[in-house]
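# Survey of secondary and tertiary structure
Each chain is listed here by its residues.
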Amino acid sequence: GGLLWIANLSMNGGSALGSTEYAVRGVLNTQLSACASVLTWFVLERIWLGHGTLTSFTSGGLAGAASAASYCGYTNSWWSVLSGLFAGLTCYICTQFKYKFRYDDQVDLF
């Protein structure tokens, strides 16, 4: 999970093809979105399960980083935080459907 997070950061920062404002903004917005998604996932898991897990940290971070990939260098940082909150909420709910319908998905690629 950590390697995918770092790969997403380097892809979003490197897509500017240089050390420009867009590269810095891309890395910052990707990180903000991932952090907001991790916090959302942790809070939801804490409410329903009573504790947070390392899997929730990884899944939330990847959901947030992936949600920022398309716009990360060209938008305001607050939109990244909102996108991360929404990504964490949506992906957590979809993962819970997996348990409700007894769908066997070992890597959470629902």
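Look up: the structure comes first, before these words.
Below is a summary of the structure that appears in this document. Keep in mind it's a predicted model, so treat the numbers as computed, not measured.

Moving on to the layout of surface pockets. Each pocket or cavity is described by its volume, and for the second largest pocket that value is around 160 Å³. Together, 13 residues line the second largest pocket, and Glu 45, Thr 55, Thr 95, Gln 96 and Tyr 99 are the ones closest to its centre. If you list the elements that add at least two residues to the lining of the second largest pocket, you get helix H2 (21–49), helix H3 (54–67) and helix H4 (77–100). It is H4 that contributes the most residues to the lining of the second largest pocket, 5 residues altogether. The residue inventory of the lining of the second largest pocket, partitioned by class, reads 4 nonpolar, 6 polar and 3 charged.

Okay, the nonpolar core next. Counting residues in each nonpolar core, the largest one holds 5 residues, listed as Trp 5, Leu 9, Ala 34, Val 38 and Ala 65. If you list the elements that add at least two residues to this core, you get helix H1 (2–14) and H2. Once residues within four sequence positions are removed from consideration, Leu 9 is found in contact with Val 27, Thr 30 and Gln 31.

The rules we used
Sequence order sets the numbering: in each chain, residues are counted from 1 along the sequence as written. A pLDDT threshold of at least 70 governs which residues receive local features in this predicted model, and a stricter bar of 80 or more applies before side-chain atom pairs are shown or counted, although totals over entire chains, interfaces and linings include all residues. No hydrogens and no water enter the side-chain calculation; it runs on all heavy atoms of the structure. Residues are called lining when one of their atoms sits within 4 Å of a cavity or pocket point, these points coming from a 1 Å grid over the protein atoms alone, where a cavity is a set in which a 1.4 Å probe fits but cannot get out and a pocket is an open set with protein on both sides within 12 Å along at least five of seven lines. Grid points are joined across faces, edges and corners, and a volume is the space filled by probe spheres set on the points. Strands here mean DSSP runs of E at least two residues long; helices mean DSSP runs of H or I at least four residues long; both are numbered from the N terminus. Residue polarity follows a fixed list, in which Ala, Val, Leu, Ile, Met, Phe, Trp, Tyr, Cys and Pro are nonpolar, Asp, Glu, Lys and Arg are charged, and the others, Gly among them, are polar. We define a nonpolar core as any set of buried Ala, Val, Leu, Ile, Met, Phe, Trp, Tyr and Cys residues linked to one another through side-chain atoms lying within 4.5 Å. Any residue under 20% of the maximum accessible area for its type is buried, any over 50% is exposed, and the rest in between are partly exposed; the area is computed with a 1.4 Å probe on protein chains only. Contacts were defined at the residue level, with two residues in contact if any of their heavy atoms lie within 4.5 Å.

By themselves, these are just geometric observations and shouldn't be taken as functional.
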